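Working through the structure, step by step
What follows is the residue order along each chain.
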Amino acid sequence: MRMILVGPPGAGKGTQAARLITLLDIPHISTGDMLRAAVKEGTELGKQADAFMKRGDLVPDDVVIGMVIERISMEDCGSGMMLDGFPRTRPQAEALGVALEQAGLALDSVVLIEVPDGSIVSRIVGRRSDPKTGRIYHLEFDPPAEDVVDRLVQRKDDTREACVARLRKYHSETAPIIPFYDALGILRRVDGVGSPDEVTERVRAALKV
Ligand code: ADP
Ligand code: ADP
């Protein structure tokens, strides 16, 4: 299965991806995770991306497209992949389409996790992750056990200000990819409000898996 998870920041893409990849046995390709790793390692790509990410801006298309094309050409993507956070602009969606077509491959589904803007800020500011396991928590909605709480970290861009900027970018830059995939007949809309378990069931129903 070749699929994309799309949705506003904090919609639950990472949370759902972690559950679905085990079920589908495909690699999880999160451009946010890849970019954060590059920033941490101090690579050339990371240096280019850092300032954009901190302000809640999108990293330029050419940087992200090159990174993703290289990643999806790897052997582990041969039988499928779950793209999370990519594409985020029309040029990214078009570049992905060209790359897949050249490889003789096609996308099966694009799952849009819908969450109203009013719920986004509280999801983002309460988000924490476990550096040891990568598990995502929420201080209120998905609280961590006491023995892990002290080691949890918060993303630098999970502030109220950067979140508002990201949400604005989502509407201006990312939302236009929705009609693009709808026209291809592969868009599946899923209500992202409810418990993570409920949302997983909706995604599974939409994908028929
Ligand atoms: P969220 O979990 O809030 O949806 P991500 O972890 O996917 O955010 O992305 C964090 C940041 O990384 C984005 O705000 C942006 O700066 C950068 N980024 C991630 N994916 C892309 C992309 N496809 N195009 C441009 N920038 C990206
Ligand atoms: P994204 O990858 O789309 O940015 P995450 O999966 O990181 O989103 O989720 C953002 C925050 O919201 C996290 O703190 C996560 O624990 C929490 N969260 C995820 N799914 C739900 C849900 N269905 N209801 C409430 N909170 C959720």
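Summary of the structure given here. Note that the coordinates shown come from a computational prediction; the quantities given were computed from them, not determined experimentally.

Our focus in this paragraph is the packing of aromatic side chains. The tally for this structure, following the rule as stated, stands at one aromatic pair. Relative to Tyr 181, the ring of Phe 180 has its centre 5.0 Å away and its plane inclined at 80°; by these criteria the two rings are edge-to-face. Take Tyr 181: its relative accessible area is 2%, and that puts it in the buried class. Taking NZ or CZ as reference, Arg 135 lies 4.3 Å from the ring centre of Tyr 137, over its face.

Let us look at the site of ligand 2. Residues in contact with ligand 2 amount to 19 residues; listed here are only the nearest, Gly 10, Thr 15, Arg 127, Tyr 137 and Gly 194. Between an oxygen atom of ligand 2 and a main-chain N or O atom of Gly 10, the distance comes to 2.8 Å. At 2.6 Å from an oxygen atom of ligand 2 is found a side-chain nitrogen or oxygen belonging to Thr 15. Calculation on ligand 2 without its partners gives an accessible area of 560 Å², and the protein chains cover 93% of this total. Put simply, the parts of the chain that give the shell around ligand 2 at least two residues each are helix 1 (13–24), strand 6 (136–138) and helix 10 (196–207). Its residues assigned to classes, the shell around ligand 2 comprises eight nonpolar, eight polar and three charged.

Next up on the list: unusual backbone geometry. The linkage connecting Phe 86 with the following residue, Pro 87, adopts the cis geometry, with an omega of -5°. The phi torsion at Asp 25 lies on the positive side, around 55°, for a residue other than glycine. Positive phi outside glycine occurs at Lys 208, with the angle close to 55°. With respect to the element layout, Lys 208 can be found in the segment after helix 10. Taking relative accessible area as the criterion, Lys 208 reaches 75% and is therefore assigned exposed.

Before going further, it helps to spend a moment on the site of ligand 1. In the vicinity of ligand 1 lie 19 residues, with Thr 31, Asp 57, Gly 85, Gln 92 and Arg 166 positioned nearest. The separation between a nitrogen atom of ligand 1 and a polar main-chain atom of Val 59 is 3.0 Å. One nitrogen or oxygen atom from the main chain of Gly 85 is found 2.9 Å from a nitrogen atom belonging to ligand 1. Alone, ligand 1 offers 550 Å² of accessible surface; in the complex the protein occludes 96% of this. Residue contributions to the shell around ligand 1 peak at four residues, all from helix 2 (residues 31–41). Each residue belonging to the shell around ligand 1 can be placed in one class, and the counts come to seven nonpolar, four polar and eight charged.

A few words on the pairing of strand 4 (residues 109–114). In terms of residue burial, strand 4 counts as a mostly covered element, since five of its six residues are buried. Bridge analysis of strand 1 (residues 2–6) against strand 4 gives four bridges, and the strand direction is parallel. Residue pairing across strands places Ile 4 opposite Val 110, the latter belonging to strand 4. Where strand 4 meets strand 7 (residues 187–191), five bridges bridge the pair, whose relative direction is parallel. When the bridges of strand 7 are listed, Ile 113 appears paired with Val 190.

Calculation criteria
- Residues numbered from 1 in each chain as written.
- Chains lettered and ligands numbered in written order.
- Predicted model: local features only at pLDDT ≥ 70, side-chain atom pairs only at ≥ 80, totals over all residues.
- Heavy atoms only, no water.
- Phe/Tyr/Trp six-rings, centres within 6.5 Å; stacked < 30°, edge-to-face > 60°.
- Buried < 20%, exposed > 50% of the residue type's maximum accessible area, 1.4 Å probe, protein only.
- Lys NZ or Arg CZ within 6 Å of the ring centre and 35° of its normal.
- Near = heavy atom within 4 Å.
- Polar contact = N/O pair within 3.5 Å; in protein donor to acceptor, adjacent residues only side chain to side chain.
- Areas by Shrake-Rupley, 256 points an atom, 1.4 Å probe, with all protein chains shown as cover.
- Helix = DSSP H or I, 4+ residues; strand = E, 2+ residues; numbered from the N terminus.
- Nonpolar A, V, L, I, M, F, W, Y, C, P; charged D, E, K, R; others polar.
- Pairing = 2+ DSSP bridges.

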